[in-house]
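Residue-level structure breakdown
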Amino acid sequence: MDQSKEQRILNSVSYNAVKGDPESVLDCIDKYCSQKEWAMNVGDEKGLILDNVVKEADPTTALELGTYCGYSAIRIARLLKPKAHLFSIEFNPEFVPIAKEIIEIAGLSDKVTILEGHAQDIIPQLKSKYDVDTLDFVFLDHWKERYAPDTILLEECGLLRKGSILLADNIIYPGAPEFLEYIRNHKRFECTNYPSHLEYMKVEDAMEKAVYLG
Ligand SMILES: Nc1ncnc2c1ncn2CCCCCNC(=O)c1cc(-c2ccc(F)cc2)cc(O)c1O
Ligand SMILES: [Mg+2]
């Protein structure tokens, strides 16, 4: 059976990246996806915005919605302090083993737990099953129409605390209009917009940061 694009990305990382070096894994994926096959990684330009917000949050516990091949999980995990941890939720069973392998090659398996399933099913289990208290940082990069309901779910499950930072990808393209409407009109969030471009393209995109005011 033909290999999937995601398997070809893993092959490229496995062949070209330096084992245990997250930067070389990121560079390899960015090179492959800008020169060979486009893929929906957050990419190098929006990745820098992600880096800066993760540094600002300096999270002990972080959550990512939408793992895909693990590119943004590596961007986040490589910046985490000792003992800090990233939970990443992915529902597509084909992507989970590929992301695990790519994160292993980056040497970050100890800092990342990939949870397979829909965000709306796993978020309510984070406290009881995964011993999470509250989340310091959340990266939203899954189905765009799930950004708003899953943000509401995070709040309802008591997973947000005063100062929790959310960062959402694809605010312009593919777009997350319901999320934008919700988060900007909700008084308990302080929002900042970061204009950028769609990964590996000249198409406009943006990220939105929302700080939970408690
Ligand atoms: N745990 C969970 N719960 C619910 N859904 C879950 C999930 N885990 C995964 N999914 C399902 C997410 C599917 C991928 C989401 N991301 C996207 O759909 C996405 C698409 C583009 C794009 C841009 C231009 C184009 F021409 C085409 C596509 C770019 C991006 O940066 C994107 O993040
Ligand atoms: Mg995205």
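Cut-off values and rules
Residues numbered from 1 in each chain as written. Chains lettered and ligands numbered in written order. Predicted model: local features only at pLDDT ≥ 70, side-chain atom pairs only at ≥ 80, totals over all residues. Heavy atoms only, no water. Helix = DSSP H or I, 4+ residues; strand = E, 2+ residues; numbered from the N terminus. Buried < 20%, exposed > 50% of the residue type's maximum accessible area, 1.4 Å probe, protein only. Contact = heavy atoms within 4.5 Å. Areas by Shrake-Rupley, 256 points an atom, 1.4 Å probe, with all protein chains shown as cover. Lys, Arg positive; Asp, Glu negative; His and termini not counted. Charge placed at Lys NZ, Arg CZ, Asp CG, Glu CD. Pairing = 2+ DSSP bridges. Axes fitted to C-alpha atoms, helices over the stretch in contact; angles between N-to-C directions. Core = buried A, V, L, I, M, F, W, Y, C linked by side-chain atoms within 4.5 Å. Donors = N, O, S within 2.8 Å, 3.2 Å for Na, K, Ca; no water. Near = heavy atom within 4 Å. Polar contact = N/O pair within 3.5 Å; in protein donor to acceptor, adjacent residues only side chain to side chain. Nonpolar A, V, L, I, M, F, W, Y, C, P; charged D, E, K, R; others polar. Right-handed = clockwise from strand over helix to strand, strands pointing away.

Moving on: the overall build of the chain. A tally of helices and strands in the chain yields ten helices and seven strands. Oriented by its inertia axes, the alpha-carbon framework of the chain measures out at about 50 × 40 × 35 Å. Here the chain holds 214 residues, and 57% of them are scored as buried. By sequence separation, contacts in the chain at least 24 residues apart represent 74% of the contacts at least 6 residues apart. In the form shown here, the chain has an accessible surface area of approximately 9,900 Å², with 52% of it arising from carbon and sulfur atoms. Between the centroid of the 24 positive side chains of the chain and the centroid of its 36 negative side chains there is a distance of 4 Å.

We now examine unusual backbone geometry. The amide bond that connects Tyr 173 to the next residue, Pro 174, takes the cis arrangement and shows omega of 5 degrees. As for its placement among the helices and strands, Pro 174 is situated in helix H9 (residues 171-175).

Right, let's talk about the sheet that holds strand E6 (residues 189-197) for a bit. Spatial ordering of the open sheet is given by E3-E2-E1-E4-E5-E7-E6, a layout of seven strands whose pairing is mixed. The sheet is open, and its two borders are formed by strand E3 (112-116) and E6, each paired with just one other strand. Strand-to-strand twist of the sheet, defined as the mean angle between neighbouring strand axes without regard to direction, takes the value 15 degrees. Bridge analysis of strand E1 (residues 61-65) against strand E4 (residues 135-140) gives four bridges, and the strand direction is parallel. The residue of E4 that forms the bridge with Ala 62 is Phe 137.

The next point concerns the nonpolar core. Formed by 46 residues in total, the largest nonpolar core has its most connected members in Val 25, Ile 29, Ile 102 and Phe 137. No other element matches helix H5 (residues 95-105), which puts seven residues into this core. Setting aside residues up to four positions removed in sequence, Phe 137 forms contacts with Leu 50, Val 53, Val 54, Ala 57, Pro 59, Thr 61, Ala 62, Leu 63, Ile 76, Ile 165 and Leu 167. The next biggest cluster of nonpolar side chains, apart from the first, holds 30 residues, and it includes Phe 87, Leu 140, Ala 168 and Tyr 212.

In this section: the environment of Lys 100. With respect to the helices and strands, the residue Lys 100 is situated in helix H5. Here Lys 100 falls in the partly exposed class, since its relative accessible area comes to 45%. For the pair formed by Lys 100 and Glu 181, sequence separation is 81 residues and the distance between their alpha carbons is 34 Å. When sequence neighbours within four positions are dropped, the list of residues in contact with Lys 100 reads Ser 109 and Ile 114.

Where burial is concerned, most of helix H8 (residues 147-156) is hidden: seven out of the ten residues are buried. Immediately downstream of H8, the backbone of Gly 158 shows phi near 70 degrees, a positive value.

Our next topic: the coordination of the magnesium ion (ligand 2). In this structure, Asp 141 (OD), Asp 169 (OD) and Asn 170 (OD1) serve as the protein donors to the magnesium ion (ligand 2), at separations of 2.0 to 2.2 Å. Motif for the magnesium ion (ligand 2), donor spacing along one chain: D-x27-D-N. Residue Asp 141 is found in the loop between E4 and H8, and its partner Asn 170 is found in the loop between strand E5 (160-168) and H9; the two are separated by 29 residues along the sequence. With a relative accessible area of 14%, Asp 141 lands in the buried category. Residue classification places Asn 170 among the buried positions, given a relative accessible area of 4%.

Attention shifts here to the site of ligand 1. Of all residues adjacent to ligand 1, which total 19 residues, the nearest are Ala 119, Asp 141, Lys 144, Asn 170 and Glu 199. Within the side chain of Asn 170, one N or O atom sits 2.7 Å away from an oxygen atom of ligand 1. About the coverage of ligand 1: the protein hides 81% of its 690 Å² of free accessible area. Considered class by class, the residues forming the shell around ligand 1 number nine nonpolar, five polar and five charged.

Glancing now at the pairing of E1. Most of E1 sits out of view: five of its five residues are buried. Of the two faces of E1, the one lined by Thr 61, Leu 63 and Leu 65 and the one lined by Ala 62 and Glu 64 are each fully buried. Both E1 and strand E2 (residues 85-90) contribute to a ladder of five bridges, which runs parallel. Bridge pairing in E2 places Glu 64 opposite Ser 88. Viewed along the sheet, the connection from E1 through helix H4 (residues 71-77) into E2 turns out right-handed.

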